[in-house]
Amino acid sequence: MPSIGNLKINSKVMLAPMTGVTDLPYRTVCRRHGCRMAFTEMVNVKGVVYNSRRTFEILRTDGEDSPLGLQVLANEEKYIRPALEKIEGMPFRVIDLNAACPVKKNVLAGYGAALMKDPEKLKKMLGIMVRHAGRPVTVKIRTGWDGDSVNAADISRMAEDAGVSAVFIHGRTREQLYSGGVDYDTIRRVKESLGIPVIGSGNVFSPELAKKMLEETGCDAVLVARGSQGNPWIFADAENFLSGSRMNPRPGPDEIAEVMRSHLDMSIAFYGAFRGIRIFRKVFIYYTKCFINSKPLRRKVVLMKDKASAEDMIEEFRVSAVRHGGIVRSC
Ligand SMILES: Cc1cc2nc3c(=O)[nH]c(=O)nc-3n(C[C@H](O)[C@H](O)[C@H](O)COP(=O)(O)O)c2cc1C
């Protein structure tokens, strides 16, 4: 099983950071279905330094949500140390620097994947983090900026020299955003050139794809991102599949509805009813999107305005899924 510095992780399958997705309710649902290691969505170090309310909401965690990594977005050295001082007493076991985010407004400001074009700056920032974080530091990269500048192996060697404890690599370039094939060759090259653990990311949508990435790249663990949306069962399934244990039966409509109801409750408890319900609309879409004949239901998602209407829609989904053959999925 992989270790990140002094942190031993009891699984080769981890929950990836996803902005607007992997909040505490989402992570809790994943934890209850076998996820052993997770990351927050990224937070800007400036938001930490300037006490942004939204940032501190993202930083919220609890005893069940452990071990947890914090992912930060930074483009200037001067904010890193003050941000690390602010979070000193918080229970994050790993601090990860995002050098992978492809979002235009971020890369134009020099954040995320833009750092792959500025290795010197990246190295300096990682050095500061390693010296002052008081816990293992990691970096999340892409294979490169575009197909003509695949530099993940150089960047990750540099990161290892700077003292990071592991490298996360999304096997796509910035130019590819989230589509197109995943470049296992580059992940394998990164793994072969480093002495620290390498964790692969990209299209881990099933236990089989988790195994394929581990085998074909030699990476130490994988991140599950979109593959966990509406499918928290993927963690236990992948674990069982990798260890050769018997797979759990696929969840039926009753179980899915129950998980949705508990996700709804947690979302309301975390954000309050108004925001909690609106955030849950997206969650509802995740859980229902692969079920045949569920489209009309998803079109009505805006009608979810309070807890009672959300519960009604969950029940409507459950009844409809049973009527259409229960566990039949179209994707
Ligand atoms: C909605 C969404 C939000 C994401 N936010 C982040 C983020 O905050 N930090 C990060 O490093 N990666 C982020 N990612 C990238 C994922 O962590 C992952 O590397 C990528 O989606 C590839 O995995 P997949 O093909 O299995 O989804 C995000 C991805 C999605 C789909």
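Residues numbered from 1 in each chain as written. Predicted model: local features only at pLDDT ≥ 70, side-chain atom pairs only at ≥ 80, totals over all residues.

### Brief notes about unusual backbone geometry
Residue Pro 67 follows Ser 66 across a cis peptide bond; omega there is -5°. Positionally, Pro 67 belongs in the loop between α3 (53–58) and β6 (68–73). The phi torsion at Asn 51 lies on the positive side, around 60°, for a residue other than glycine. Residue position: Asn 51 is located in the loop between α2 (45–49) and α3. Of note in the backbone geometry, Leu 177 takes a positive phi value of approximately 55° without being a glycine. (Helix = DSSP H or I, 4+ residues; strand = E, 2+ residues; numbered from the N terminus.)

### Describing the nonpolar core
Core analysis: the biggest nonpolar cluster contains 76 residues, and Val 72, Leu 126, Met 129, Val 167 and Val 222 have the highest contact counts within it. Setting aside its immediate chain neighbours within four residues, Val 222 contacts Lys 12, Val 13, Ile 199, Gly 200, Ser 201, Val 204, Ala 210, Met 213 and Leu 214. Judged by nonpolar contacts, the second largest core, of 19 residues, contains Met 260, Phe 284, Phe 291 and Ile 314. (Core = buried A, V, L, I, M, F, W, Y, C linked by C-beta atoms within 7 Å. Buried ≥ 20, exposed ≤ 12 C-beta atoms within 10 Å, placed from the backbone. Contact = placed C-beta atoms within 7 Å.)

### Points about the site of the ligand
Taken together, 23 residues sit near the ligand, with Ala 16, Pro 17, Met 18, Ala 225 and Arg 226 positioned nearest. Its residues assigned to classes, the shell around the ligand shows eleven nonpolar, nine polar and three charged. (Near = placed C-beta within 6 Å. Nonpolar A, V, L, I, M, F, W, Y, C, P; charged D, E, K, R; others polar.)

### Some remarks on the environment of Arg 93
Relative to the helices and strands, Arg 93 is located in the loop between α4 (80–86) and β7 (94–99). Residue Arg 93 is classed as partly exposed on the basis of its C-beta count, with 17 C-beta atoms lying within 10 Å. Sequence-distant contacts of Arg 93, defined by excluding residues within four places in its chain, comprise Leu 7, Pro 67, Leu 68, Gly 69 and Arg 135.

### Points about the environment of Asp 96
Relative to the elements of secondary structure, Asp 96 occurs in strand β7. Here the alpha-carbon distance between Asp 96 and Ser 245, two residues 149 residues apart in the chain, equals 32 Å. Setting aside chain neighbours within four positions, we find Asp 96 in contact with Phe 39, Gly 69, Gln 71, Thr 138, Val 139, Lys 140 and Phe 168.

### A look at the domain arrangement of the protein
Splitting the protein by domain gives domain 1 (3–243) and domain 2 (253–323). Its C-alpha centre places domain 1 at a distance of 29 Å from the equivalent point of domain 2. On the domain 2 side, the residues contacting the eight residues of domain 1 number eight residues. Broken down by class, the residue content of the side of domain 1 that touches domain 2 amounts to four nonpolar, three polar and one charged. (Domains from an automatic or database assignment.)

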